[in-house]
Amino acid sequence: MKLKHIFAMTAVAASLTLAGCGGDINITPTSIDNSVDNSTNNSNNSSTTNPGTGSDTLECASYEKDGATVEGTVEGNNCIYDKDFVSAASPILTDLTLEALPNGGVHYFEKTLMIGESCHTTNDNCTIELDGPTLTIEAGTTIVFDDASSRVQINRGANIEAIGTYSDPIIFTSANAIDSLKVKAPEPQDWGGIMIDGLARTDQCTDDERTAGTCNAETEGAVTYYGGNDDTDDSGTLKFVKIHYAGGLPAGAQEGNDLNSLTLAAVGSGTTIEYIDIYAGYDDGIELFGGTVNLKYITVTDTQDDSIDIDAGWQGNAQFIFIKHGTVKNDAGQDINMGNGGFESDGVKVSGTSVPASAPKIANVTVITTDELSVRDNGASIAVKLDDSISATWYNTVLIKTAANNTYCIDYKDDASDQIVNNEVSFENSVAACAKLNDDGADVVTAKADGTTTVALATWFENGGSNELLNSDAAILTGFATLPKADADYTIDAKDMSTEDAFFTATDFIGAISSTDTSSDWYDWVKDAYTNADDE
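Right, let's walk through the structure included here. (Residues numbered from 1 in each chain as written. Predicted model: local features only at pLDDT ≥ 70, side-chain atom pairs only at ≥ 80, totals over all residues. Heavy atoms only, no water.)

## With respect to the overall build of the protein
Logical step 1: A count of helical and extended segments in the protein gives 5 helices and 37 strands.
Logical step 2: Each of the 536 residues in the protein was classed as buried or not, and the buried ones make up 57%.
Logical step 3: Sequence-distant contacts, at least 24 apart, represent 74% of the contacts inside the protein between residues at least 6 apart.
Logical step 4: Only carbon and sulfur atoms are counted for the fraction: they give 44% of the accessible area of the protein, which is about 20700 Å². (Helix = DSSP H or I, 4+ residues; strand = E, 2+ residues; numbered from the N terminus. Buried < 20%, exposed > 50% of the residue type's maximum accessible area, 1.4 Å probe, protein only. Contact = heavy atoms within 4.5 Å. Areas by Shrake-Rupley, 256 points an atom, 1.4 Å probe, with all protein chains shown as cover.)

Here it is, written out as structure tokens:
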């Protein structure tokens, strides 16, 4: 912690004293050349930071507390914030703004950047401040951490407004991705990711708890509290945001109680999550614990566990999702396999509440799997996993698996069998080009409810001719983008999703992105993510 201007005042006093002794002392503030070379956009590179725009004098973020100004410390081109500035034990309870720093400078937090109070309304005898503090992050800002327990934490009632652009994204990454801070090669679990706790419904609370205002569901990985009774809750905006090398198992936590790259816990529909790029995460890319938030323009590449994890009664929608499994290099330079489920899809976490099973509509998806077992739990690279009464529908989706000696495309558990047999979970206007669709012995699904009603998984997927099962070498994609039907091996037409819900954008292609759409930010966003993942 630094009290702003104390150093400046001391320096001036010292100069006056020395001047009285006959010395000529000139005190000049740090001046930084903030010129920016915009000739090439290298924002997809995980090891470079944004050039920023900044000002001539580098000033770190600050806020007022107990009558004093608390401010970060300048070190070179970077701003450093220690535990006295913010931590999980000492959250910031007022608005804070992080500006883009010039000359590749970054905001380096040594502990968790926690905004708002973590309030258990029963045990802590506290009240959630509905109009809580806001963390504002300017376009082109880079924020780094260096510990698996350190994360960005937005508590209930607080907000985050992180709005970048394609050319000036906001980057959250490992300190090891920054040359001036690097102590080893960056890798998954270098820091803890972003967690947003909202006030929407989740099946983690009972109806009585929601009515009484005592819904305090505990988050995984690090204990904060989420959930409420406001499905329109607004936790802010994440737009054109990159989250790299995040997620982790905090010290002392049990295996499986992990932090994700992005956790959305009972986040409401008033929140905007668009243009998110997640790379080399330790646990899940995005995990949703109930809530009603929508997702749009999402890339998740080379994350160890599930790319998108749906749970606890999520009632949102999603469109334009690109997922790719592959490899990354660890600190020792070894290639490690990344990717378990493209989607882990759980409908109900706790039964007996009025919150229905997760039933999202998910459209325009591409999932590219491998035939490898993830370094995380030795789990197979699978496109979609179905469990716990999931009632989702995937539209305009492309599933790819070119080889299947160790893996397959679709996995299901008995707790999803009734939904499969009754077609309450399904695909429409979609293609699976999988060397193997399902695990050995799992080609026929038997309903759990009666133990007799069955359906072949292939028949279920084809859904009366709405979808196609093709050979693994079928021409569908060119790199990351979907070929037009006239140039491809599939014959189905895409569904115009604008007829389903106002959230959806009108589409005339299957998969996450069309090969004919080469001028959009979304095309470039996917291209950058795909290229960055392929570089390793």
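## Observations concerning the packing of aromatic side chains
Logical step 1: Counted according to the given criterion, the structure contains 27 aromatic pairs.
Logical step 2: Between Phe 172 and Trp 191, the aromatic rings sit 6.5 Å apart at their centres with planes inclined by 25°, giving stacked as the arrangement. Residue Phe 172 is located in strand S13 (residues 170-174), and its partner Trp 191 is located in the loop between S13 and strand S14 (194-197); the two are separated by 19 residues in the primary sequence.
Logical step 3: Owing to a relative accessible area of 0%, Trp 191 belongs among the buried residues under this scheme.
Logical step 4: Among the aromatic residues, those joined into a cluster by ring pairs are Tyr 166, Phe 240, Tyr 275, Tyr 297, Phe 320, Phe 509, Trp 522 and Trp 525.
Logical step 5: Just above the ring of Phe 503 sits the side chain of Lys 296; from NZ or CZ to the centre is 4.7 Å.
Logical step 6: Positioned above the aromatic ring of Tyr 282 is the side chain of Arg 376, whose terminal nitrogen or guanidinium carbon lies 4.5 Å from the ring centre. (Phe/Tyr/Trp six-rings, centres within 6.5 Å; stacked < 30°, edge-to-face > 60°. Lys NZ or Arg CZ within 6 Å of the ring centre and 35° of its normal.)

## Describing helix H5 (residues 521-534)
Logical step 1: Under the 1.5 Å per step criterion, the end-to-end length of H5 is 20 Å for 14 residues, consistent within 8% with the ideal 20 Å.
Logical step 2: Where H5 is buried, its residues contact strand S17 (236-244), strand S19 (272-279), strand S21 (294-301), strand S23 (317-324), strand S24 (326-329) and strand S37 (481-482). (Expected span 1.5 Å × (residues − 1).)

## Considerations on the pairing of strand S5 (residues 78-81)
Logical step 1: Across the two faces of S5 the burial is the same, with Asn 78 and Ile 80 and Cys 79 and Tyr 81 all buried.
Logical step 2: Looking at chain direction, strand S4 (residues 73-75) and S5 are connected through 3 bridges and run antiparallel. Counted as the bridge partner of Glu 75 is Asn 78 from S5.
Logical step 3: The antiparallel pairing of S4 with S5 creates a hairpin that spans 2 residues between the two strands, and Gly 76 there sits at a positive phi of about 65°.
Logical step 4: Strand direction decides the pairing type here: S5 and strand S7 (residues 107-109), joined by 3 bridges, are parallel. (Pairing = 2+ DSSP bridges.)

## Section: the environment of Pro 186
Logical step 1: Considering the arrangement of structural elements, one finds Pro 186 in the loop between S13 and S14.
Logical step 2: When neighbours within four sequence positions are excluded, Pro 186 is seen to be in contact with Ser 174, Asn 176, Ala 177, Tyr 245 and Lys 329.

## Quick word on the pairing of strand S28 (residues 382-387)
Logical step 1: With respect to burial, S28 is a largely interior element, 6 of its 6 residues being buried.
Logical step 2: The pairing of strand S26 (residues 341-346) with S28 spans 5 bridges and is classified as parallel. The residue bridging Ser 345 from the neighbouring strand is Leu 386, located in S28.
Logical step 3: Summarising the sheet, S28 and strand S30 (residues 410-412) pair through 3 bridges and their orientation is parallel. Note on S30: the bridge partner recorded for Lys 385 is Asp 411.

## Focus on a negative patch on the surface
Logical step 1: A contiguous patch of negative charge on the surface is contributed by Asp 95, Glu 117, Asp 124, Glu 129 and Asp 131.
Logical step 2: Summarising the element assignment, Glu 117 is placed in the loop between strand S8 (113-115) and strand S9 (134-137).
Logical step 3: Overall, the relative accessible area of 46% leaves Glu 117 in the partly exposed class. (Patch = residues over 30% accessible without salt bridge, like charges linked within 9 Å, V, L, I, M, F, W, Y side chains within 5 Å. Salt bridge = Lys/Arg side-chain N within 4 Å of Asp/Glu carboxyl O. Lys, Arg positive; Asp, Glu negative; His and termini not counted. Charge placed at Lys NZ, Arg CZ, Asp CG, Glu CD.)

## Here we look at the state of the cysteines
A covalent bond between the sulfur atoms of two cysteines is referred to as a disulfide.
Logical step 1: Inspection of the entire model under this criterion finds 4 disulfides.
Logical step 2: Across the disulfide, Cys 60 is cross-linked to Cys 79 (sulfur-sulfur distance 2.2 Å). One quick way to see it: the torsion about the S-S bond of Cys 60 and Cys 79 is about -90°, and its sign makes the bridge left-handed. On the criterion of sequence distance, the pair formed by Cys 60 in the loop between helix H1 (6-20) and strand S2 (62-65) and Cys 79 in strand S5 is long-range, its members being 19 residues apart. (Disulfide = S-S within 2.5 Å.)

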